[in-house]
Each structure stands twice: as C-alpha cells, then as structure tokens.
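Next come the chains, spelled out residue by residue.
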Amino acid sequence: MESAPLAGGTPDVLLRLFVTGSSQRSLRAIEAVEGMCKEFLGNGVRLEVVDVSETPDQAEHEKILATPTLIRQVPSPPRRLVGDMCEPERVIQLLGLKEYVRPRRAE
Amino acid sequence: MSASRELKRLKTYIPGFDLISNGGLPAGRTTLVSGGPGSAKTILAGQFLAEGIKHANEAGCFVTFEEKPEDIRRNLSSLGWEIAKWEAEGKWVFVDGSLHPKDEPVTIGDYDLGGLMARIDNAVRKTGARRVSLDSIGAMLIQFGRPTVIRRELYRVAWQLRDMNVTSIITAEHAGHAEAPVEEYVTDNVIILRNTLEDEKRRRTLEILKFRGASHSRGEFPFTISEDSGIILLPLSSIELRQKSSDKRITSGIAELDNMCGGGFYRDSVVLISGATGTGKTLTATGFLAALGEDERGLLFAFEESRDQLYRNALGWGVDFPKLEGAGRLRIVCEYPEVAAPEDHLLRIKKHIEEFQPTRVAVDSLSALERISTPRTFREFVLALTSYLKDKQIAGLFTSTTPSLLGGSTVTEAHISSVTDSIILLRYVEAFGEMRRGIAVLKMRGSQHDRSIREYTIDSHGMHVGEPFRSISGILSGAFTHSTTSELQTLEHLFDRTDAEDV
C-alpha cells in the first residue's frame, strides 16, 4: 500500500496516511492525498499509506483513533488531520504545507 | 451461541453486583455505564477488569479516552490493584485513546473509528482478553466533536466487540438526573451510577436500567468505595431475611429479663434496646457481652463512648472488659460515627465480624449512626446489618436513644422495628414524685413474653428487674396517670391491644 517516495534521501515533508482496509472512505482519502501531492506539492514531499488493520502496532504507536488520519510527521512538531481529506487546499493550509507548494506553471 | 433464551452471563466478581444482576453482565455484549462526574465510572470500568484478573484469571483491555494510562495506573493502583504487574504479565493492556490538547485533530470530511477498532482488536488478540472497558464516550465526543459520527461508530465498536466475543463496558457522562443518555440507544444494556447529595449526605447508587433479554434486580442499590478493594455494592433489597429460626436461646445477661422474654434471646435474633439517656442501655449491652457462654465471643461497636469510659462503666457493674479482651473473647471497637458514611461503617463492622468471628454483636448506639444518615440510608444500613448478622447466626443487640426523657419513641424504632426480632423499652417513670425506671418487652418474635412493665434498678452489680408497675399507666407515652387497683384490669387489656397494633 505504500506509495513510492517521490525522491530519495530524507524528505522535507513526510506525510503518513492511516486508513482502514479498502473501505470507500479509505480509498477516497488515498486518492485525495495522492492527488494533492501530485498536483500541488513538490519532490521533497513523501507520502506513506498505512493500513491499520494490517499494522495495528503502528496505529498503536501513533495512537490513531479515527481513520483516515493524516499526520505530517516531518517537519516536527507533527500535525494531524482526520477525515477523507476531500479539500486539498484546506489540507495544505491546515498542515502548514504552503511553502512546499510547487510553483504553478502558466496554464 | 447458546440455545437458551436467557443470555449467558459473565461473572464480574464486583462484590454484590453479580447478586443484583442475577449472575453478572450479559456475556459477549456491551454494557453502557452512565453517570455524572465523580460517580465512579472509571473505577467500575477498571474494577471490571481487575476482578476478572484476580478471580478468573481473565485478561482485560482498558481503553482510555480521557486520562492517560499512567494516571489510571496510578489512581487505580491505590485501590490495591497491581496494574503495572498485570501489564508485565500480559493480563492487563491499555489502549491509549487520550490525546494531548495540542494533538487535537482537525477534521476534514468523513471518518470512522477504524484505528481504534484495529488497536482494540490487536490488544485483545495479544492478551487473549475476555473483558474490555472503554472510558469514556464523553472524552471521545469532545475530541472529535461530531456526536452523530461517534455514536454511529460506537455502535460499530459494540458490534465488533461482540464479534470478538468479549464482554465490555463503555462509560458515558450523564449530566441530568432523570433522562436517559443518548448513548443508551447504542447498547442493549445500561447501568446508571449516581452520586447524589441527599440531606447533605453523599449517596452513591447503582441501578441496572436494562439488560435486554436478561433478568436483574430493579431499583437503586447503594454502594461504597472501599480504600483497598474498590466498589462494594450493598444489595439490600435482594437479601432475603432468611429466618433460620434457631430455637436455641441464649441469656441476655440479666436473669429477670430472660424470664420476661420467655427464656432468653434467640441465638440468631436481633434485639433493639430503646431508652432515654441514663436508662441503662449501655449497661444492657455490657451485660449482654459479659454473659458469653463457654465457646462464645463478643464484639462491641461503641459509637458514643471512649474505650476508657466503657471500661470504667463496665467495671462499675462488675464486668472486667480488659480481662475479656485479653482472653481473646471480646473485641471493642470505638469509633466516631462522623468519621465515615453508614455504608463504610457497615463494611468496617463486617470486616471486624469476619476477623473475629463473634457469636454476639452489640452496637451502642444506632442513634449515633442515625445522626450521620438520611432516613433511607439508615434504614438500609440497619437492614443490611441485621440480615448479615442473621445470615451468620450471630445474636445482635442494638441500642437506640430516645430524644425525650419521658416516653416517646425513637425515630430509629420507627425505621427498624419491623426488622428487629425483639424490642425492649427502657423508660423513666414518674411515680408519686419520684423518678423510677421501667422495662418492657414490646415485641418478641416467635415467643411468648411478659406483657407487663416492670420496675428495675441499677446498682454496682448491674440491673435488677422487679415487680410490674401496677397502678401507673401511660408509661410508654410519657403521659402518666395513676390509677386505682380497681381500674387495673381494664387498662391492662387496653395496653395489650395497642401493643399488638403498634408492632
């Protein structure tokens, strides 16, 4: 389920998305966050998708209650969002990722 | 699934709970425990697991949304539960659902509690837990702020727990008094905890509101939180007064009083001695304890006088308490009634009885305990103590102080006269310008007794009962009239009738 890192080495931003199995909600969130990364964020951003039903210990470690949960793990301090992440602009704003937004090419 | 109609139960081993719930919590189901702040929800949630580990070696999983695990570990360990040790042994596992305020998640769009479910599932698998407690929904609602989602999700959690075949408790805040919490609809089983102030006295109760498809006792049951073992329910209404009806008699310590009672007290009976101050109640209790038979032991709970005072009084009547204590035949427990609530006194009394195994127990006086109780708690206290003594086949003697010097009945009597087997009245009698004392056996269950009011005196050897007052009536009410001998017959009959009606 883990999506390939967009760049090698330590990323500027590490996002972890915790989901449960292949529920509609999970799939929606994965699609939304992956789309957001592709569309708005630069190469320094890495996304990992974690299925809590497969790796509950990791969910335990991060104390995940709700899924989907998106955590900005790097840079610290971490920030959390809960929900299906249907509004990418708000996600970027709430996770403080504005400075990592790729400059827009002219349309 | 069991084929029987009645749900299978899981014994909680919480003292008293399995009795009022007719066998424990519905096995494999979720029970909602609802209560206001400070109603001991967390203790109940923890105790459910602790008792399972202690008595049935069943592992438990504690899911906390409010306090951090380290706080719960510390707070509950003060009740004598070795949570850290159990964790090391894999018998107790925390799932930490508490969040730092700074971690409070912002929500965008729809979500579920998949993370929580996976973690509970994981913890239950690892430990083989049979019991799960979740504490509490309120904290969860605050964290996520979407009550409808949380309720929908809790419903799913309850179903998942059921699939995992664990028996679980979910606690919920319940601000109001009468109305049921919304969360009630999530589960088939609801318990309400209350912590109310009644006449300036704290009163904790537990009520089973519903167990779907399972029977249970109805109404509120008082409980107390013991320092070393947690919640203890006092299932008063469900205790049947088992009349083992021993016909064995024991002496009251006063030969004439034995005669009045038709040959002494019954071995498993509870006697109430009612009288104004100075009429000899403590003396009667002293005599009762001094009259121990060969293999008997006595226990005195003194709520009014200090040990020294008791020793001195007893010595004045020729009874050597220290010697009896030294010989291991007597234990005296002196306490201020105000140091504890009636429920706690009851527990202490029981503890002493279990340790000392007495055959006679005297409480001097009940009125002192009445001061610190509401009428209801007091009645429950007396009921519980009485049924406990009877169950153990211990002879009990309670004293009760009348508020007025002359006549009158005590509130105590009104509350408990139907519970006690015998009532003996000690009264001041004003006779021809002199203060004298009269004793009467008002009630003696299962036996004939002397119906006259006899005069008694107290000297350095104790109490001496003499002849009946023949020419005075109205002693019980305190409104004396002196009658001539010719009227005597009629009056005696009158008294007999009122006696019968009063009891």
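Residues numbered from 1 in each chain as written. Chains lettered and ligands numbered in written order. Predicted model: local features only at pLDDT ≥ 70, side-chain atom pairs only at ≥ 80, totals over all residues. Heavy atoms only, no water.

Let's talk about the confidence of the model for chain A
We count it as follows: The predictor rates its confidence in each residue with pLDDT, a number between 0 and 100. Only heavy atoms matter for contacts: two residues are in contact if any of them lie within 4.5 Å across the pair.
Mean pLDDT over chain A works out to 85, with 88% of the residues at or above the 70 mark. Within the model, pLDDT remains below 50 along residues 1-7 of chain A, and this stretch shows 11 contacts once partners closer than five positions in the same chain are excluded.

Details of the interface of chain A and chain B
What counts is decided by this rule: Here the buried area means the combined drop in accessible surface, using a 1.4 Å probe, for two parts upon being joined, counting both sides. Whenever a carboxyl oxygen of Asp or Glu lies within 4 Å of a side-chain nitrogen of Lys or Arg, that contact is scored as a salt bridge. Two N or O atoms count as a polar contact when they lie within 3.5 Å, although within protein this holds only if one can serve as hydrogen donor and the other as acceptor, and sequence-adjacent residues are included solely when both atoms are side-chain atoms. Secondary structure follows DSSP: runs of H or I at least 4 residues long count as helices, runs of E at least 2 residues long count as strands, and numbering of each begins at the N terminus.
The interface of chain A with chain B comprises 26 residues on the first partner and 28 residues on the second. In terms of surface lost to chain B, no three residues of chain A exceed A:R25, A:L65 and A:V82, which account for 34% of the buried area on that side. Linking chain A to chain B there are 5 salt bridges. Where A:D57 meets B:K126, a salt bridge forms, and the shortest distance between an N and an O atom there is 2.7 Å. Seen at the junction of chain A and chain B, the total is 16 residue pairs in polar contact (both at pLDDT 80 or more). Mapped by element, the contributors of at least two residues to the side of chain A that touches chain B are α1 (24-40), α2 (56-61), β4 (79-82) and α3 (88-94) of chain A.

So, the side chain of B:R119
Cut-off, in case you're wondering: Remark: exposure states derive from per-residue accessible area (1.4 Å probe, protein chains only) relative to the maximum for the residue type, with buried under 20%, exposed over 50%, and partly exposed in between.
Considering the arrangement of structural elements, one finds B:R119 in helix α5 (residues 114-127). Look at B:R119 and you get buried, because its relative accessible area is 0%. Reaching out from B:R119, the side chain makes a polar contact with the backbone oxygen of B:D96 at a distance of 2.7 Å. Here B:R119 is in contact with A:P56, A:A59, A:E60, A:K63, A:I64, A:L65, B:V95, B:D96 and B:G97, once residues within four sequence places are set aside.

Describing the sheet that holds β4(A)
Threshold: Strand pairing is assigned whenever DSSP identifies at least 2 bridges connecting the two strands. Throughout, an axis means a line fitted to C-alpha atoms (over the contacting stretch in the case of helices), and angles, computed between N-to-C directions, take values from 0 to 180 degrees.
Read from one edge of the open sheet, 5 strands run β2(A)-β1(A)-β3(A)-β4(A)-β6(B), paired in mixed fashion. Two strands bound the open sheet, and with one partner strand each, they are β2 (45-51) of chain A together with β6 (106-107) of chain B. As judged from the 5 bridges shared by strand β1 (residues 13-19) of chain A and strand β3 (residues 69-74) of chain A, these two strands associate in the antiparallel manner. Across the sheet, the residue bridging to A:L17 is A:L70, located in β3(A). This element, α1(A), spans β1, β2 and β3 of chain A of the sheet and lies at about 165° to β1(A).

So, the sheet that holds strand β17 (residues 330-334) of chain B
Strands pair in a sheet through their backbones, by hydrogen bonds, and they do so in one of two ways: parallel or antiparallel. Residue and element names in this part refer to chain B. What the 9 strands build is an open sheet, ordered β17-β16-β18-β19-β15-β20-β21-β22-β23; its pairing is mixed. Of all the strands in the sheet, the pair left with one neighbour each is β17 and β23 (462-468). This sheet shows a mean twist of 25° between the axes of neighbouring strands, independent of strand direction. Across the face of the sheet, helix α9 (residues 281-290) comes into contact with β15 (270-275), β16 (298-302), β17, β18 (360-364), β19 (395-401), β20 (422-431), β22 (454-459) and β23 while running at roughly 170° to β19.

A look at the packing of α5(B) against helix α7 (residues 147-163) of chain B
Residue and element names in this part refer to chain B. Filter applied, for reference: An angle counts as roughly parallel when it lies under 35 degrees, as roughly antiparallel when it exceeds 145, as roughly perpendicular when it falls between 65 and 115, and as oblique in every other case. By definition, turning the near helix anticlockwise from the far helix through less than a right angle yields a left-handed crossing, and turning it clockwise yields a right-handed one.
Interhelical geometry of α5 versus α7 gives an angle of 20° and a closest axis separation of 11 Å. Regarding the angle of α5 to α7, the classification is roughly parallel. In the crossing of α5 with α7, the sense of the turn from one axis to the other is right-handed. Contacts between α5 and α7 pair L116, M117, I120 and D121 from the former with E153, R156, V157, Q160 and L161 from the latter.

Quick notes on the confidence of the model for chain B
When pLDDT is averaged across chain B, the result is 83; 84% of the residues are at 70 or more. Here residues 495-503 of chain B scores under 50 on pLDDT; set against residues more than four positions off or in separate chains, the count is 9 contacts.

Let's talk about the nonpolar core
Residues and elements named next belong to chain B. Let me state the cut-off plainly: Remark: nonpolar core denotes a set of buried residues (Ala, Val, Leu, Ile, Met, Phe, Trp, Tyr, Cys) joined through side-chain atoms within 4.5 Å.
Core analysis: the largest hydrophobic core is formed by 36 residues, its most contacted members being C61, V63, L116 and L134. Among the elements of the structure, β4 (60-64), β5 (92-96), α5, β7 (131-135), α6 (137-144), α7, β8 (167-173) and β9 (189-198) are those that each provide at least two residues to this core. Excluding residues within four positions of it along the chain, L134 makes contact with V63, F65, I120, V157, L161, I169, I170 and T171. Of all hydrophobic cores here, the second largest spans 35 residues; its members include F17, I43, W86 and F211.

Side note on unusual backbone geometry
That bond from A:T67 to A:P68 is cis: its omega, -10°, falls within 30 degrees of zero. Assignment of secondary structure puts A:P68 in the loop between α2 and β3. In this model, B:D135 is joined to B:S136 through a cis peptide bond whose omega is -10°. Positionally, B:S136 belongs in the loop between β7 and α6. Of note, B:N22 is a non-glycine position whose phi angle comes to about 55°, a positive value.

Overview of helix α12 (residues 342-356) of chain B
All names here are of chain B. To keep things clear, this is the line we draw: By this rule, a helix spans an expected 1.5 Å times one less than how many residues it contains.
Relative to the 21 Å expected for 15 residues at 1.5 Å per residue, α12 spans 21 Å between its end C-alpha atoms, a close match to the ideal helical length. Inspection of α12 places P342, E343, H345, L346, L347, I349, I353 and F356 among the buried residues, and these make up the whole buried set. Just past α12, the residue Q357 takes up positive phi, approximately 50°.

Brief notes about the packing of α12(B) against helix α14 (residues 375-391) of chain B
Residue and element names in this part refer to chain B. Threshold: By the convention adopted, Pro, Cys, Tyr, Trp, Phe, Met, Ile, Leu, Val and Ala count as nonpolar, Lys, Arg, Asp and Glu as charged, and the other residues, Gly among them, as polar.
In the contact formed by α12 and α14, the axes pass within 10 Å of each other and the chain directions differ by 15°. By the angle between their directions, the pair α12 and α14 is classed as roughly parallel. As for the relative orientation of α12 and α14, their crossing is right-handed in sense. The segment α12 lies against α14, with P342, E343, H345, L346, I349, K350, I353 and E354 engaging T377, F381, A384, L385, Y388 and L389. Per-class residue counts for the contact of α12 with α14 are 9 nonpolar, 2 polar and 3 charged.

Considerations on the pairing of β20(B)
Residue and element names in this part refer to chain B. In terms of burial, β20 is a largely internal element, 9 of the 10 residues being buried. Relative to β20, β15 runs parallel, the two sharing 5 bridges. Bridge assignment links G275 to a residue of β20, and that residue is L426. Connecting β20 to the antiparallel partner strand β21 (residues 434-444) that follows it, the hairpin turn spans 2 residues, and F432 within it adopts a positive phi of roughly 50°.

Examining the pattern of salt bridges
Taken as a whole, this structure holds 32 salt bridges over all chains when the rule is applied. Note that A:E62 and A:R80 form a salt bridge whose closest N and O atoms lie 4.0 Å from each other. Residue A:E62 is located in the loop between α2 and β3, and its partner A:R80 is located in strand β4; the two are separated by 18 residues in the primary sequence. Judged by its relative accessible area of 18%, A:R80 is buried. Across the pair B:K85 and B:E82 runs a salt bridge, and its minimum N-O distance is 3.5 Å.

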